[in-house]
Amino acid sequence: MLRATPLLALFLLPALKPVETPTYTPDAKLNYPTDYRQWVFLTSGFDMSYAASQLPPDHSMFDNVFVNPSAYQAFVQTGTWPQGTTFVLESRMATQGVSINKRGRTQSEVMGLEVHIKDATKAPGDGWSFYSFDDGPQPAQRIPQTASCYTCHQQHAAVDTTFVQFYPTLLPTAQAKKTLSKAYLAHPDPKP
């Protein structure tokens, strides 16, 4: 009879997978994606802004981007995002002088969370919706289609209204699969 050692027992347990499919309340609000930190980490930006203002920010922020694992795998294979793709943009305060750190900044508390979902059943047009969790983990209302985030993503996104140009592990995939958008290719900014 085989005795399960603690290490062997880990292999015998069913694997816990993060919930990947967005869930909604009966009134069509998006439930907070509690396990997004178990998803695929795509990138981190520092003090990114799309505004033309030259004024320095009054505080610094890190933006961390995660995507659900099945969407990531589909993108790696095809260069496109499938239905159910869910991005989470987590904004965290950049903090100085933490512990032994003498220079630079580290990430601290979450300052905001935004979600970008490809779900044709919830969004007219291209199937993408934006949600912002301004009130913490309370269900979020879909950001109206008239908001600037929609037009900005349509005009500047590298692939299917997503900013793949900022994801260094996926931009080469989109280039190789030839799935970069016409809008992105026509943009005058230099491409890596």
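Look up a bit, the structure's there.
Below is a short write-up of the structure.

Rules used throughout
- Residues numbered from 1 in each chain as written.
- Predicted model: local features only at pLDDT ≥ 70, side-chain atom pairs only at ≥ 80, totals over all residues.
- Heavy atoms only, no water.
- Salt bridge = Lys/Arg side-chain N within 4 Å of Asp/Glu carboxyl O.
- Helix = DSSP H or I, 4+ residues; strand = E, 2+ residues; numbered from the N terminus.
- Core = buried A, V, L, I, M, F, W, Y, C linked by side-chain atoms within 4.5 Å.
- Buried < 20%, exposed > 50% of the residue type's maximum accessible area, 1.4 Å probe, protein only.
- Contact = heavy atoms within 4.5 Å.

1. Topic: the pattern of salt bridges
And then number 1: Taken as a whole and judged by the stated rule, the model has 2 salt bridges.
And then number 2: Glu90 is paired through a salt bridge with Arg37; the nearest N and O atoms lie 2.6 Å apart. Here Glu90, found in strand β3 (residues 86–95), pairs with Arg37, found in the loop between α1 (6–12) and β1 (40–46); they are 53 residues apart in sequence, far enough to count as distant.
And then number 3: Taking the shortest distance from any N to any O, the salt bridge between Lys118 and Asp160 comes out at 2.7 Å. Of the two residues, Lys118 is situated in strand β4 (residues 106–118) and Asp160 in the loop between α3 (148–156) and α4 (171–177); the sequence distance between them amounts to 42 residues.

2. So, the nonpolar core
And then number 1: If you look at the biggest cluster of nonpolar residues, it comprises 18 residues, and the most contacted ones within it are Leu42, Trp81, Phe87, Val159, Val164 and Leu170.
And then number 2: Per-element accounting of this core gives the leading share, 3 residues, to helix α2 (residues 69–78).
And then number 3: Apart from the residues within four sequence positions on either side, Leu42 is in contact with Val65, Val67, Tyr72, Phe87, Tyr167, Pro168 and Leu170.
And then number 4: If you look at the next biggest cluster of nonpolar residues, it comprises 12 residues, including Leu113, Val115, Ile117 and Tyr131.

3. Quick notes on unusual backbone geometry
And then number 1: Look at Asp160: it is not a glycine, yet its phi comes out positive at around 45°.
And then number 2: Since its relative accessible area comes to 27%, Asp160 is described here as partly exposed.
And then number 3: With a phi close to 60°, Thr161 is a non-glycine residue in the positive phi region.
And then number 4: Mapped onto the fold, Thr161 is located in the loop between α3 and α4.
And then number 5: Among the residues examined, Thr161 registers a relative accessible area of 11% and is labelled buried.

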